[in-house]
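This is what each chain is made of:
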Amino acid sequence: MKLVKKIAKWSGITLLILIVLILVAPFIFKDKIIQFVKDEANAQLNARVDFGDFDLTLLSSFPDFTLSINNVSIANTGDFAGDTLLSTKNLTATINLMSVISGSQYKIRSVVLDHPRILARVLKDGRANWDITKPGQDTVKKTESAEPAKFDMSLKHFEIKEAHVVYDDKSMDFYTSLNGFNHTLSGDFTQDNFLMETMTSIGEFTLAYGGVTYLKKVKTDIKADLDADMPNFKFTFKDNKISLNELGLGINGFFAMPGNDMNMDINFKAEQSEFKNFLSLIPSAYSADFASVKTSGKLAFDGFVKGTYNDKLMPAFAVNMKIDDAMFQYPSLPASAQDIAVDVKVNNPDGNPDKTVIDVRKFHVELAGNPVDAVLHVETPVSDPLVNGSVLGKVNLATLKDVLPLSKDENLNGTITADVKMNGRMSSIERGQYDKFQAEGKVIVMDMQYKSKDNPYDVDIKSMTLNFTPRFVELAGFDSRIGRNDVQADGKIENFMQYMFKDELLKGNFSMSSSLMDLNQFMSSAETTPTAAPSAPDTAALGVIEVPSNIDFTLNTKIAKMIYEKLEMSNIAGNVTIRDSKINLSELKMNALGGSMRIYESVYETSNPKSPGVSFKMNIRDFDIPSTYNTFPIVQQLATVAKYTTGRFSTDISYTSSLDATMMPVMSSLNGEGNLKTSKVVVSGFEPLSKLADELKMDKFKKTEFSDLNINYKIKDGKITLEEFPFKSNSVTGFINGYTAFDQSISYLMKMEVPTKDMPPGAKQHVTGLLSKASMLGVNAQLPEKVKLNALFGGTVMKPTIKTDVKDIAQNVVSNVTSQVKDTIKQTVTNVVNDAKAELEAKKKKIMDDAAREAQKVKDEAAKLAEQTKTEGYKKADELQNKGGNPIEKAANKKLAEKLRKETDEKAAKIVSEGNAKADNIMKEAQKKADEIK
C-alpha cells in the first residue's frame, strides 16, 4: 500500500507539474520566441517584417508549442519599396517543445497561413521582389566555426487557406492570379524519401502570356501525390489530376532540380473525350445551367514538356488539340453553335525556340448561322518568321445572345466582317520586297454596341475599318462612343508583323478628334494590379501607367472638352508622341479654369517604372486662383497662400520631377523656375499677414489687395524662392523676397513704405511729440509723406513669427526732418546768392542790349547810305553809256560807264565796312563797361 501511495503521490505531483508546465510554459517562452523570430527575420531578410497580436500555447498541440501570430506582413525595401510581398490574417506554426527549451535549433512541425495575400513581381531585367534574403555564408568567406541554421524546418504539414496570389513577370510578359486559393501539403520532410501529398483548389484561376489571356477565372482543383527524393530534389508525379472547370487532365512524369538546372519529363492528357468539357473553359459559355447544355463532338487534348530548363536551354514541348463534329446549344436559347472543328498543333522538338511550329490547320464554327473560318501556319518564329494564314467570316453580334448565355444586363449588337490573308516571310518586309509578302484584306466593324452591368460604360463603335497591306495596317473611318466619350480617328500602323513576331518597334501616325473625353469615367473603372495586402494600398503597381518602349506613335489631337478629376478643359489641340517609353505633348493648347494654357513641351517617361518622371514647359494665362488651388494637389502643397487668395494669375513655368507610386511628385526631386503675374488679387485670412496686422495694429493687412505683381521664382532644394519684386497694396508700396519650403517653413523680408497717416499709433504719437519740440526751437518741421518699415517673417505658414522695426520709425522720421531743415537753410542761402547774381546779370544785360541796338542802328544807316550811293552812281553810268553820235564815241563812253560802276561799288563797300567797324567799337566799349560791374 505504501508503494501504491508513493506511486500515486508522485504520479499526482508529476501530473500537477505537467499541467502547471503546460499552463506556465507559454508565458515563460512567449517573449523569447517572439523576440527570436523578429531577430532572425531582421537578420536574414532585406525587408520590413511586422505583425500584430500573437499567442503561444501548449494545450492544443502538446508536446509542441503552437505559435499564432495575427496580421503578419513582409514589405519590400530598396528597388521594390512600396510592394507588400506577403500579408496574412494569421500565421500558425507548431514548434517542438524540447528545441525551445534547449535553445539550439527551433524545430518547426507545421505551418498554416490563413487568408494570405501574396504579390510576386519580376522586373524586365529579371530582378524579383521575393529575393529578400541577405547575403549568407555562401557569399562570404566560410569558416569552420560557422553556426548552423537556427530554424530546422522539420515540416510534416503545410496549409494555405483562402489565399489571393498574384504573379506578375515582366521579363516573360507572364501574369497569373489565384483567387480563393487553398492548398495542403503533408509528408515527413525529415526523411530523404517520402510521399508528398498535396490538395489544391482555386476559386478563380487567371493566366495570361504575351498579352493574351488563356484562362480567365477558371475553377481549378489539383490532386497531386509525389514521390519526393529530397537529396536529388526530384519529384515524381503519382496518381495526379488537374480539373479546369469541367476539363480534367491527367499528369505523369517527374520534375527534378538537383542543381541550378530544372530537369523535367511531364506528359498531360485530357481524361475526357467530350467537347463539352473543353467548352467549360470559355468564360461566356460556363454558366449556372452549363450541366444542361446540349452538346456533341469529340475532343483530343494532350502534350508534353521534356528536357532541361536554365538560362540557356529550354525543354522540348508540344500541345495538340483536335475537336471534331462539335456543337452546343443551351436549353433556354433558340440557336446553336454548329459544325465546330478545330485542329491545332504546337510542336518544338528540341527546345530551340526557332524550331517551334504553330499549325492551326482548321478552325471553323457557325454561330447562329454566322460562319467563321481561320487557318494559321508559323515556322522559324525567331530568325525569320514564315506566316501563312487567313481569317474569313461575318458575325452578326446580335445573334450571339441566341447562342451564348449573356446576362440580362448584357446587350450586344452590330456586325464584324473579316477577310484577311497573309503569306510570306518577315525578311521580305524587312528588305522592302513587298511583292514577295501577301497581306491583304479588311476587318470592318459596323454599329457595334455593348452594354453590361460589369462594364461601367456602354461601348458603341459606329464604324471601323482596318485595311491590311504588306507595308502597313490602315485605320479608316473609326467613329465610336465609349460611355459619355466620343472618338473619331484615322491613321496607319507600320511594322505590324515585326511587332507581332519579333517584338520590334510598332509605328503609327494618327489623327484623333472628340467632342468630349471624360477621363474620370475610365479612371474609376480601371483595373489595377491587385495589391498584396489590405494594409498595403501603396503597392508600386498602383497608379503608375507604364509607357511601352516598343511603340512609336504620333497623334494629332483635337478635343472640344476633356474632364480629368476636378479639371475641365476645352478646345484642346496639339501633338502627342509616344516613343522610347515617353509620352511627349508638344504645342498643346487648351482653355481651362477661366483662362488658357499652352504646353510647349511636356514629357512623361517610365524608362524606370519604379521612378517615373515628368517635365514640362508651359504658359498659363488668366487662371482663376481658387479653382486652381482646389483642382491641383501640388498647388495645395507648394502655394498655401492660394487658399486665401481670390483673383487671377498668369505664369510661364518649366518644371521637372520624379513621381511616386501614386503618380504624385517626389518633392525632393522637384526643380523648376518661372514668372508669375497678376493684375489684382485679394488675400484674406492668410496667417502671416494677419500676424503682421496684429503686430503693427494695422487691420488693413488682414485683407490685403495687391496689384500688378510680377514675380520671378525658382523651385529647388525643397524650396520655392521668390526673387525680390515690387508690390503695391492700396497706399502701401515696397518689395518682398524670400522662400517657402516644402515642409511649410517660411522666410520672407517685406520692405514697405507706409504713409505717415497709416503709421502704427504709438510710433506716430512719439514722432509728433518730437516734432513739436523742434517747432518750439523755431524749426518748422513737417512729417514726411511716407515712412519706411521692414517685416521679417519666419516659422511656418500656419504658425508664423514676425519681427518688425516699428521702434526705429521715430528715429528715422526725426533724422529725415533734420535733413529736411538742413536742406531748407541751404536752399535759402542758395536763393539769396542766386538773386544777387541775377541783379548783376540784369545790369550787364541792359548795357549790352543798349549797345547792340546802337550798333545795329549804325549798321543800318551805313547800309542805307551805301545803297543810295550805288543807285546814284549807276544812274550816271547809264546816262554816260547812252551818249555819243558815232560808234567810236559810244564805245569810249561804254568803257567810261563800266569804270564808273566799279568805282561806285567800291565806294558803297567802304561805307558798309566803316559802319561795321563803328558798330564793333560800340559793342567793345559796352562789354568793357559790363565787365567792370561786379
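So what about the overall build of the protein? Which residues, and what values?
Tallying secondary structure elements over the protein gives 12 helices and 39 strands in all. Of the accessible surface of the protein, which amounts to about 52300 Å², a share of 55% is contributed by carbon and sulfur atoms.

How would you sum up the side chain of Thr 628? Please name residues and give values.
Note on placement: Thr 628 falls in helix 7 (residues 625–631). What Thr 628 contacts, discounting residues up to four positions off in sequence, is Leu 593, Phe 623, Val 635 and Phe 649.

Pulling in residues and values, what's your account of the pairing of strand 18 (residues 370–379)?
Sheet analysis places strand 17 (residues 357–367) next to strand 18, joined by 8 bridges and oriented antiparallel. Bridging across to strand 18, Ile 358 finds its partner in Val 378. Relative to strand 19 (residues 386–396), strand 18 runs antiparallel, the two being bridged by 8 bridges. Residue pairing across strands places Asp 373 opposite Leu 392, the latter belonging to strand 19.

Any details on helix 12 (residues 887–931)? Residues and values, ideally.
With 45 residues, helix 12 should reach 66 Å at 1.5 Å per residue; the first-to-last C-alpha distance of 67 Å fits that figure. Inspection of helix 12 places Asn 893, Ala 897, Arg 901, Thr 904, Ala 908, Ile 911, Gly 915, Ala 919, Ile 922, Ala 926 and Ala 930 among the buried residues, and these make up the whole buried set.

So, the pattern of salt bridges: which residues are in play, and what are the values?
Going through the model one piece at a time under the given rule, you end up with 16 salt bridges. Among the salt bridges present, the one from Lys 170 reaches Asp 168, with a minimum N-O distance of 3.9 Å. Accessibility expressed as a relative area gives 10% for Asp 168, which makes it buried.

How would you sum up the pairing of strand 13 (residues 262–270)? Please name residues and give values.
Looking at chain direction, strand 12 (residues 247–256) and strand 13 are connected through 8 bridges and run antiparallel. Residue pairing across strands places Ala 256 opposite Asn 263, the latter belonging to strand 13. Here strand 12 folds back onto strand 13 in antiparallel fashion, the turn holding 5 residues. Examined bridge by bridge, strand 13 and strand 14 (residues 294–309) share 8 bridges and lie antiparallel to one another. From the neighbouring strand, Met 262 faces strand 14, where its bridge partner is Tyr 309.

Mind laying out the environment of Ala 917, listing which residues take part and the relevant values?
With respect to the helices and strands, the residue Ala 917 is situated in helix 12. Overall, the relative accessible area of 39% leaves Ala 917 in the partly exposed class. The spatial distance from the C-alpha of Ala 917 to the C-alpha of Ala 855 is 9.5 Å, given a sequence separation of 62 residues.

Parameters and conventions
Residues numbered from 1 in each chain as written. Predicted model: local features only at pLDDT ≥ 70, side-chain atom pairs only at ≥ 80, totals over all residues. Heavy atoms only, no water. Helix = DSSP H or I, 4+ residues; strand = E, 2+ residues; numbered from the N terminus. Areas by Shrake-Rupley, 256 points an atom, 1.4 Å probe, with all protein chains shown as cover. Contact = heavy atoms within 4.5 Å. Pairing = 2+ DSSP bridges. Expected span 1.5 Å × (residues − 1). Buried < 20%, exposed > 50% of the residue type's maximum accessible area, 1.4 Å probe, protein only. Salt bridge = Lys/Arg side-chain N within 4 Å of Asp/Glu carboxyl O.

Keep in mind these numbers describe shape, not what the thing actually does.
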